[in-house]
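Here's the letter readout for the chains.
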Amino acid sequence: MYRRRDDPRGRMVAEITNDLRRYSVDAQHIGHAFAGLHGLNATDLHALIAVMEAELVGEPITPGRLGEALNISSGSVTALVDRLERGGHIRRDRDTADRRKILLHYADRGATLAQSFFGPLGRRTDEVMDRFSDDELAVVQRFMAEMVHSMRTHRDEIRAAPRRGAATAGPHGDD
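All figures in this text were calculated on a predicted structure; none of them were measured in a lab.

Participant: Describe unusual backbone geometry, and please don't skip the residues or the numbers.
Facilitator: One non-glycine residue, Asn71, lies in the positive phi region at around 60°. As for its position among the elements, Asn71 is in the loop between α3 (63-70) and α4 (74-86).

Participant: Tell me about α4, and name the residues and values.
Facilitator: With 13 residues, α4 extends 18 Å from end C-alpha to end C-alpha; this agrees with the ideal 18 Å at 1.5 Å per step. What α4 keeps buried is the set Val77, Leu80, Val81 and Leu84. Across the axial projection of α4, the buried residues extend over an arc of 95°, all falling on one side. Buried-residue contacts for α4 involve α2 (42-56), α3, β1 (90-94) and β2 (102-106). Just beyond α4, the residue with positive phi is Gly88, at close to 80°.

Participant: With reference to specific residues and values, describe a nonpolar patch on the surface.
Facilitator: On the surface, Met12, Ile16, Val140, Phe143, Met144 and Met147 cluster together to form a nonpolar patch covering roughly 480 Å² of accessible area. Contributions of two or more residues to the nonpolar patch are made by α1 (8-37) and α6 (134-160). Structurally, Phe143 is set in helix α6.

Participant: Any details on the nonpolar core? Residues and values, ideally.
Facilitator: Counting 21 residues, the largest nonpolar core has Phe34, Leu48, Ile61, Leu66, Leu84, Ile90 and Leu104 as its most contacted members. Going through the elements one at a time, α1, α2, α3, α4, β2 and α5 (108-129) are the ones with two or more residues in this core. Tallying contributions element by element places α2 first for this core, with six residues. Contact partners of Phe34, with chain neighbours within four places excluded, come to Leu40, Leu45, Leu48, Leu113, Ala114, Phe117 and Phe118.

Participant: Help me get a handle on the packing of α1 against α5, residues and values and all.
Facilitator: Any two packed helices are characterised by how steeply their axes cross, that is the angle between the axes, and by the distance between the axes. Direction vectors running N to C along α1 and α5 enclose 150°, while the axes themselves pass 11 Å from each other. By the criterion of interaxial angle, the relationship of α1 to α5 is roughly antiparallel. Handedness of the crossing formed by α1 with α5: right-handed. For the pair α1 and α5, contact is made by Ile30, Ala33, Phe34 and Leu37 and by Leu113, Ala114, Phe117, Phe118 and Leu121, respectively. Among the residues forming the contact of α1 with α5, the class breakdown is nine nonpolar, no polar and no charged.

Cut-offs and rules
Residues numbered from 1 in each chain as written. Predicted model: local features only at pLDDT ≥ 70, side-chain atom pairs only at ≥ 80, totals over all residues. Heavy atoms only, no water. Helix = DSSP H or I, 4+ residues; strand = E, 2+ residues; numbered from the N terminus. Expected span 1.5 Å × (residues − 1). Buried < 20%, exposed > 50% of the residue type's maximum accessible area, 1.4 Å probe, protein only. Arc of directions from axis to C-beta. Contact = heavy atoms within 4.5 Å. Patch = residues over 30% accessible without salt bridge, like charges linked within 9 Å, V, L, I, M, F, W, Y side chains within 5 Å. Areas by Shrake-Rupley, 256 points an atom, 1.4 Å probe, with all protein chains shown as cover. Salt bridge = Lys/Arg side-chain N within 4 Å of Asp/Glu carboxyl O. Core = buried A, V, L, I, M, F, W, Y, C linked by side-chain atoms within 4.5 Å. Axes fitted to C-alpha atoms, helices over the stretch in contact; angles between N-to-C directions. Parallel < 35°, antiparallel > 145°, perpendicular 65-115°, else oblique. Left-handed = near helix turned anticlockwise from the far one by under 90°. Nonpolar A, V, L, I, M, F, W, Y, C, P; charged D, E, K, R; others polar.

If you want it as structure tokens, here you go:
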């Protein structure tokens, strides 16, 4: 990833890797700016993104699934959902098919705030995509889907790995 690449493909791979990193960092800065404007912390922002993504695919997220996605305890999820609901960002609805199940949705106020902040970025994104053919976009979409899968697989492996030194450290952490 950080080694020098001298062949044309290697240089292109390095450029793509650098662009992905820069895109990720810039996206984080934009997300943190939104969060800062609305009194949200990083976990709040990640929760809102998870709620939005679930709604976009037509499968609203439950609090339990949100906890799994964020890797936080059920007590933390409850506090998080309560906080976001009080702030007008999300709402809880009962599932019409199973009234015991709670589904999380973007609240109108939260959607309006997000649209007003991210709308200009969405327009810029549309302008960039308009410069590519459908065939080019299909390749980009396949590449991005595989990169997301690779990143999430790595994330899940890290989450599942025992913490370094947790099982072997003595009472003072240095045994």
